[in-house]
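What follows is the residue order along each chain.
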Amino acid sequence: DTRAKRVLDLPAAAKDPAGEAAMKGAKTRAEALQQVMKKRLQEAGEEADMEALIAERQAWEKANLKRLWWAWCAEILLAQEKALLAEGSTVPQPAARQIMGLGDVFQAIVGGAVPPPKPAATA
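Rules used throughout
- Residues numbered from 1 in each chain as written.
- Predicted model: local features only at pLDDT ≥ 70, side-chain atom pairs only at ≥ 80, totals over all residues.
- Heavy atoms only, no water.
- Helix = DSSP H or I, 4+ residues; strand = E, 2+ residues; numbered from the N terminus.
- Buried < 20%, exposed > 50% of the residue type's maximum accessible area, 1.4 Å probe, protein only.
- Contact = heavy atoms within 4.5 Å.
- Areas by Shrake-Rupley, 256 points an atom, 1.4 Å probe, with all protein chains shown as cover.
- Core = buried A, V, L, I, M, F, W, Y, C linked by side-chain atoms within 4.5 Å.
- Phe/Tyr/Trp six-rings, centres within 6.5 Å; stacked < 30°, edge-to-face > 60°.
- Lys NZ or Arg CZ within 6 Å of the ring centre and 35° of its normal.
- Salt bridge = Lys/Arg side-chain N within 4 Å of Asp/Glu carboxyl O.
- Expected span 1.5 Å × (residues − 1).

A. Spotlight on the overall build of the chain. Along the chain, the regular secondary structure elements total five helices and zero strands. N-terminal to C-terminal, the α/β element order of the chain is α-α-α-α-α. By residue count, 15% of the 123 residues in the chain fall in the buried class. Sequence-distant contacts in the chain: of pairs separated by 6 or more residues, those separated by 24 or more amount to 71%. For the chain, the accessible area works out to roughly 9,600 Å², and carbon and sulfur atoms hold 59% of it.

B. Here's a closer look at the nonpolar core. Within the largest apolar cluster, 13 residues are counted, with the highest numbers of intra-cluster contacts made by Leu8, Leu10, Trp69, Trp72 and Ile109. Residue contacts for Leu8: discarding those within four places in its chain leaves Trp69, Trp72, Cys73, Ile76, Leu102, Val105 and Ile109.

C. Summary view of the packing of aromatic side chains. Enumeration over the complete set of coordinates arrives at zero aromatic pairs. When the ring centre of Trp60 is taken as origin, the NZ or CZ atom of Arg67, which lies over that ring, is 5.7 Å away.

D. Spatial organisation of the environment of Val105. By the secondary structure assignment, Val105 is in helix α5 (residues 102-110). Taking relative accessible area as the criterion, Val105 reaches 4% and is therefore assigned buried.

E. Representation of the pattern of salt bridges in the model. Under the criterion given, the structure shown has one salt bridge. Residue Arg57 pairs with Glu61 through a salt bridge whose shortest N-O separation is 2.9 Å. Of this pair, Arg57 and Glu61 both sit in helix α4 (residues 50-87), four residues apart, which is roughly one turn of the helix.

F. Region of interest: the environment of Ala71. Counting through the fold element by element, Ala71 comes out in helix α4. Judged by relative accessible area, Ala71 falls into the partly exposed class, the value being 29%. The spacing of Ala71 and Val114 is 43 residues in sequence and 7.4 Å in space, taken between C-alpha atoms.

G. Here's a closer look at helix α3 (residues 17-43). An ideal rise of 1.5 Å per residue puts 39 Å on 27 residues; α3 measures up with 39 Å between its terminal C-alpha atoms. The complete set of buried residues in α3 reads Gly19, Ala22 and Leu41. Buried-residue contacts for α3 involve α2 (10-15), α4 and α5. Downstream of α3 by one or two residues, Gly45 has phi in the positive range, about 80°.

Okay, here's the thing in C-alpha cells:
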C-alpha cells in the first residue's frame, strides 16, 4: 500500500474538493440504497440486521477498491514509463490517450471504473 500511495495517493485525493464531492456522492448513493434495502426487508417481513446482511459484500467492495487502486497505479506507471522512453526516441509515437489528473482517477475509482483498455499492439 505504501508503494501504491507514492504513485496514487488516494487519501490526499479524498481531501481535495473534487475528491470530497466524489466521496459525498458515493455516501449519498450508499445511504439511499440502504434505505431501499431496509424498506424491502421490512416489506418481506425480515427482521435481520442490515449490517450483518451486507458485511460480506462490504468486505468484497473493500478488496475490489484495493484491486482498482493497484490497476490504476499500474496504468499510471506504464504511462510514465512510455513517456520517459519516448523522450529520447526519434521513432514517431502513436497519439497519446487522454491525460487524467489525480482527481479524475480518484473519481473513477470511487465510481468503480476500471482503467481504460490498452490499445492493441501493432506488429
